[in-house]
Amino acid sequence: MTRSAVFLDRDGTIIEERGYLDRLDMLTLFPWTADALRLLKRAGFATVVVTNQSAIGRGLIDEAFLETVHSAINRRLEPAHAAVDRFYYCPHFVDSKVERYRQACRCRKPAPGLIEQACQDMDLDPARSVMVGDRWLDVACARAAGTGAVLVRSGHGAHEADAPPAGAQADAILDNLMEAAGWILRRATRV
Ligand SMILES: [Mg+2]
Ligand SMILES: [Zn+2]
């Protein structure tokens, strides 16, 4: 495993937190997202979204709609020469009416399954990578996967940041993804 990555939570980290996003007009990138992703990409990091999407298992959206949302994100990033390289998502919900979604899986954050799958598929080194998210479950996922962990104060981070669960510790707590990108780039030049 050779390449470094920045793993990104989606809702509250790269786009506005909107609960279950089930209409394309609810999709809003944060104003700093494109610039932050361009900087990371230019520095050679793979950019990989890892997102819990139990809305699929709950029957609120289907996988085709989720793909539409993810294509729309990249279309909006393109003018800024930024991109998410790949999107990994957990569609599962333990009480789903649909059998293939009904499972206590290894991929729902805070479990590390999505990051592990991405590392395998894309030849990424978790030890040289960082996960950025707005919730402590993202930090727990990072720890389980062996990546660095940055909590941002956007989205749920606005209230979660000041209330860490017992024993939880992020490598940094920063205002948003742009600050996280700066932190990651400074850290990368030290190693
Ligand atoms: Mg989030
Ligand atoms: Zn899952």
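The following paragraphs examine the structure supplied in this document. (Residues numbered from 1 in each chain as written. Chains lettered and ligands numbered in written order. Predicted model: local features only at pLDDT ≥ 70, side-chain atom pairs only at ≥ 80, totals over all residues. Heavy atoms only, no water.)

### Some words on the layout of surface pockets
Alright, step 1. Computed from the structure, the largest pocket encloses a volume of approximately 390 Å³.
Alright, step 2. Listed by contribution, the elements that provide at least two residues to the lining of the largest pocket are strand E2 (46-52), helix H2 (54-57) and helix H5 (136-145).
Alright, step 3. For the lining of the largest pocket, a count of residues per class yields four nonpolar, six polar and 10 charged. (1 Å grid on protein atoms, 1.4 Å probe; cavity = no way out; pocket = protein on both sides within 12 Å on 5 of 7 lines; lining within 4 Å. Points joined across faces, edges and corners; volume = space filled by probe spheres on them. Helix = DSSP H or I, 4+ residues; strand = E, 2+ residues; numbered from the N terminus. Nonpolar A, V, L, I, M, F, W, Y, C, P; charged D, E, K, R; others polar.)

### Here we look at the coordination of the zinc ion (ligand 2)
Alright, step 1. Protein ligation of the zinc ion (ligand 2) involves Cys90 (SG), His92 (ND1), Cys105 (SG) and Cys107 (SG), the donor distances falling in the range 2.0 to 2.3 Å.
Alright, step 2. Each of the four donor atoms around the zinc ion (ligand 2) contributes to a set of angles spanning 102 to 116°, which defines the coordination as tetrahedral.
Alright, step 3. Sequence positions of the residues that donate to the zinc ion (ligand 2) give the spacing C-x1-H-x12-C-x1-C. Of this pair, Cys90 sits in strand E3 (residues 86-90) while Cys105 is found in the loop between E3 and helix H4 (113-122), placing the two residues 15 residues apart along the sequence. The pair formed by Cys90 and Cys105 is uniform in burial state, with each residue classed as buried. (Donors = N, O, S within 2.8 Å, 3.2 Å for Na, K, Ca; no water. Tetrahedral: all angles 85-135°; square planar, octahedral: opposite > 155°, others 65-115°. Buried < 20%, exposed > 50% of the residue type's maximum accessible area, 1.4 Å probe, protein only.)

### Description of the pairing of E3
Alright, step 1. Buried residues dominate E3, accounting for four of its five residues.
Alright, step 2. One ladder, built from five bridges, connects E2 with E3; its direction is parallel. Looking at E3, one finds that Val50 is bridged to Tyr88. (Pairing = 2+ DSSP bridges.)

### Observations regarding the coordination of the magnesium ion (ligand 1)
Alright, step 1. Within the protein, Asp9 (OD), Asp11 (O) and Asp134 (OD) serve as the donor atoms for the magnesium ion (ligand 1), at 2.1 to 2.2 Å.
Alright, step 2. Positions of the donor residues of the magnesium ion (ligand 1) along the chain correspond to the pattern D-x1-D-x122-D. Side by side, Asp9 and Asp11 carry an identical accessibility label, which is buried.

### Some thoughts on the sheet that holds E3
Alright, step 1. Taking strand neighbours across the sheet as the criterion, the six strands line up as E3-E2-E1-E4-E5-E6 in an open arrangement whose pairing is parallel. Each edge of the sheet is formed by a strand with only one pairing partner; in this case those strands are E3 and strand E6 (172-174). When strand polarity is set aside, the average angle formed by the axes of neighbouring strands in this sheet is 20°.
Alright, step 2. Judged from the four bridges that link them, strand E1 (residues 5-8) and E2 form a sheet pairing that is parallel. Within E2, the residue paired with Leu8 across the bridge is Val49.
Alright, step 3. This element, helix H3 (residues 63-77), spans E2 and E3 of the sheet and lies at about 145° to E3. (Axes fitted to C-alpha atoms, helices over the stretch in contact; angles between N-to-C directions. Contact = heavy atoms within 4.5 Å.)

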